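Spelled out, the chains give:
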Amino acid sequence: MASLGTVTNSYMDSHGLHETELVQETPIAISINDVNYAVIMVTDVDVEAFVTGFAFSEGLINQASEILDIEFRSSEASDPLSSPHHILANLVLTNRALQRSRSIMRQRRGASGCGLCGIEAVEQAFPKLTPYHPIPTLSDDKWLSVKATFSEHQVIGQASGAIHGAMLLDKFGEIVAFAEDIGRHNALDKLIGKAMIAQHALQDCHILMSSRCSTELIMKATRTQVASLAHLASPSHLAVQQAKQLGLHLIHLPRHAPPRHFN
């Protein structure tokens, strides 16, 4: 039976006909005060949180209260191949945020769920971020304890696999929120959005993700000023360089080895 975020599909193998759950992948077209901004492929769970976190990560808003409304519309597929079922999300921003977004939109040439695709200038792809003083991260024992419970929170992942997870921990290492999405960047945006909507300050918190750590995830995490970002897969070299320069604790939690701290 399909669960939230999955669709039941049938398939054939040498033993006959079977059913399995596949993760949903849905286009969401985001506009700012009725001006087209981006189309992102998402798993349509926690969509409001995704849009809020995405707007924050893009620099369009600094706090959730700058979004006056999010107008959602769902469009059915007229032609499943060229125009599949999709979601339209129009953000109505405050005047201050709208002025900020207009400047960003003038610089932006395009975007993709893979991160840097479509942005023409390297300077635009790597916005200037303010370094901050490193804040103590969690103990290795705490990280390993949290890692052991990670899969328990992957509701969609347990049903279908093929999805990324992001977990928010408070400064003591207690779980605050969890988000899942087919895109690792989207999973982090959903997590950020959940915290913003709940008015839970991200500063001094910690994040654990299932995916490889890339440069864009470093930028998103640094903008929130979390104390540390941990991943179950190894980081890229550039991600490590960025984390060191910005003061973010970057940690890799290998499957069969002690935590690796890049700071």
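Here's a quick rundown of the structure. Throughout this document, residue positions are counted from 1 along each chain, in the order its sequence is written. Per-residue local features of the predicted model are confined to residues with pLDDT of at least 70, and side-chain atom pairs are confined, for both listing and counting, to 80 or more; whole-chain, interface and lining totals are unaffected and use all residues. Where side-chain values are given, they derive from all heavy atoms of the structure, hydrogens and water being excluded.

Strands are runs of DSSP state E lasting at least two residues, helices are runs of H or I lasting at least four, and both sets are numbered from the N terminus onward. Helix and strand counts for the protein chain stand at eight helices and 12 strands. Taken across its 263 residues, the protein chain has 46% of its residues classed as buried. To measure how exposed things are, a 1.4 Å probe is used in the Shrake-Rupley method; for residues, cover is taken only from the protein chains shown. Carbon and sulfur atoms form 52% of the exposed surface of the protein chain, whose accessible area is close to 13,300 Å². For the exposure calls, accessible area comes from a 1.4 Å probe over protein chains only, and a residue counts as buried if that area is under 20% of its type's maximum, exposed if over 50%, partly exposed in between.

Through backbone hydrogen bonds, the strands of a sheet pair up, either in parallel or in antiparallel fashion. Spatially, four strands are ordered E4-E3-E6-E5 in an open sheet, and the strand pairing comes out mixed. Both outer strands of the open sheet, strand E4 (35–42) and strand E5 (67–75), are each paired with one neighbouring strand and no more. The average undirected angle you get between the axes of adjacent strands in this sheet is 20°. At least two bridges found by DSSP between two strands are what make those strands a pair. As paired elements, E5 and strand E6 (residues 86–93) share eight bridges and run antiparallel to each other. From the neighbouring strand, Glu71 faces E6, where its bridge partner is Asn90. Across the sheet, helix H1 (residues 47–57) lies against strand E3 (26–32), E4, E5 and E6, angled at about 125° from E5, the strand it touches most. Note on geometry: axes are lines fitted to C-alpha atoms, helical ones only across the stretch in contact, with angles between N-to-C directions running from 0 to 180 degrees. In what follows, a contact means two residues having at least one pair of non-hydrogen atoms within 4.5 Å.

For soluble globular proteins, the rule of thumb is that nonpolar side chains tend to be buried together. In terms of nonpolar packing, the biggest core is built from 52 residues, with Ile28, Ile32, Leu91, Ile218 and Leu229 touching the most fellow members. Excluding residues within four positions of it along the chain, Leu229 makes contact with Ile207, Met209, Cys213, Leu217, Ile218, Ala221, Leu248, His249, Leu250 and Ile251. Core analysis: the next-biggest nonpolar cluster, separate from the first, contains 11 residues, Phe150, Leu169, Leu208 and Ala230 among them. Here the nonpolar core consists of buried residues drawn from Ala, Val, Leu, Ile, Met, Phe, Trp, Tyr and Cys, with membership extended through side-chain atoms lying within 4.5 Å.

Our focus in this paragraph is the pairing of strand E2 (residues 16–23). In this structure, strand E1 (residues 6–13) lies alongside E2, joined through eight bridges in antiparallel fashion. In the sheet register, Val7 faces E2, and the bridge partner there is Leu22. Between E1 and E2, which follow one another and run antiparallel, lie two residues.

Counted as salt bridges are all cases of a side-chain nitrogen of Lys or Arg within 4 Å of a carboxyl oxygen of Asp or Glu. Tallying each qualifying case throughout the model produces five salt bridges. Residue Arg100 is joined to Glu66 by a salt bridge in which the shortest nitrogen-to-oxygen separation is 3.1 Å. One end of the pair, Arg100, is in helix H2 (residues 95–107); the other, Glu66, is in the loop between H1 and E5, and 34 residues separate them in sequence. Classification of Arg100 as partly exposed rests on a relative accessible area of 21%.

With that settled, the discussion passes to the packing of aromatic side chains. Note on ring pairs: Phe, Tyr and Trp rings are taken, using the six-membered ring of Trp, and paired if centres are within 6.5 Å. Classes follow the plane angle, with under 30 degrees stacked, over 60 edge-to-face and the rest tilted. Enumeration according to the criterion identifies three aromatic pairs in this entry. Taken together, a centroid distance of 6.2 Å and an interplanar angle of 75° make the contact between Tyr37 and Phe54 edge-to-face. One end of the pair, Tyr37, is in strand E4; the other, Phe54, is in helix H1, with 17 residues separating them in the sequence. Just as Tyr37 is buried, Phe54 falls in that class too. Between Phe150 and Phe178, the aromatic rings sit 5.1 Å apart at their centres with planes inclined by 65°, giving edge-to-face as the arrangement. Here Phe178 lies in strand E8 (residues 175–181) and Phe150 lies in the loop between helix H4 (140–149) and helix H5 (155–160), a separation of 28 residues in the sequence.

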